[in-house]
Amino acid sequence: MTTMIKVLPTAEAHVGLVHPVDGPLAAEGSVWTHDVFTERRIQEQVIRRFEADADAAPVEAKTVAKAKPQAAA
């Protein structure tokens, strides 16, 4: 079974790098086969593995608005 991983470019200049089997690297990341080619690019720091916990924005910082206190009537 082939292992697939999501990878992200480490710099804008690396967008479009072409995996021999899986195609070009998108700016928002691509799913590539975790093979010798992919591992070499990771070691060269041309790409990095997508890590959901590290790449996710804090929920409370963007989506949760604090309720304003209600004035007494």
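Just so we're clear, the structure is a prediction, and the values are computed from it rather than from any experiment. (Residues numbered from 1 in each chain as written. Predicted model: local features only at pLDDT ≥ 70, side-chain atom pairs only at ≥ 80, totals over all residues. Heavy atoms only, no water.)

A.B. asks: Please give an account of the pattern of salt bridges that cites residues and values.
C.D. replies: Applying the stated criterion across every chain yields a total of one salt bridge. A salt bridge links glutamate 44 to arginine 41, with the nearest nitrogen and oxygen atoms 2.9 Å apart. Judged by relative accessible area, glutamate 44 falls into the partly exposed class, the value being 43%. (Salt bridge = Lys/Arg side-chain N within 4 Å of Asp/Glu carboxyl O. Buried < 20%, exposed > 50% of the residue type's maximum accessible area, 1.4 Å probe, protein only.)

A.B. asks: Account for helix H1 (residues 36-43), naming residues and giving values.
C.D. replies: Looking at H1, one finds that the buried residues are Thr38, Arg41 and Ile42. Down the axis, H1 shows its buried residues gathered within 105 degrees of arc, on one side only. The outward face of H1, more than 90 degrees from its buried face, is lined by the exposed residues Val36 and Gln43. Where H1 is buried, its residues meet strand S1 (4-9), strand S2 (18-19), strand S4 (30-33) and strand S5 (47-49). (Helix = DSSP H or I, 4+ residues; strand = E, 2+ residues; numbered from the N terminus. Arc of directions from axis to C-beta. Contact = heavy atoms within 4.5 Å.)

A.B. asks: Which residues make up unusual backbone geometry, and what are the values?
C.D. replies: In this model, glutamine 45 sits at a positive phi of 60 degrees, which is unusual for a non-glycine residue. Counting through the fold element by element, glutamine 45 comes out in the loop between H1 and S5.

Geometric values such as these leave the question of function open.
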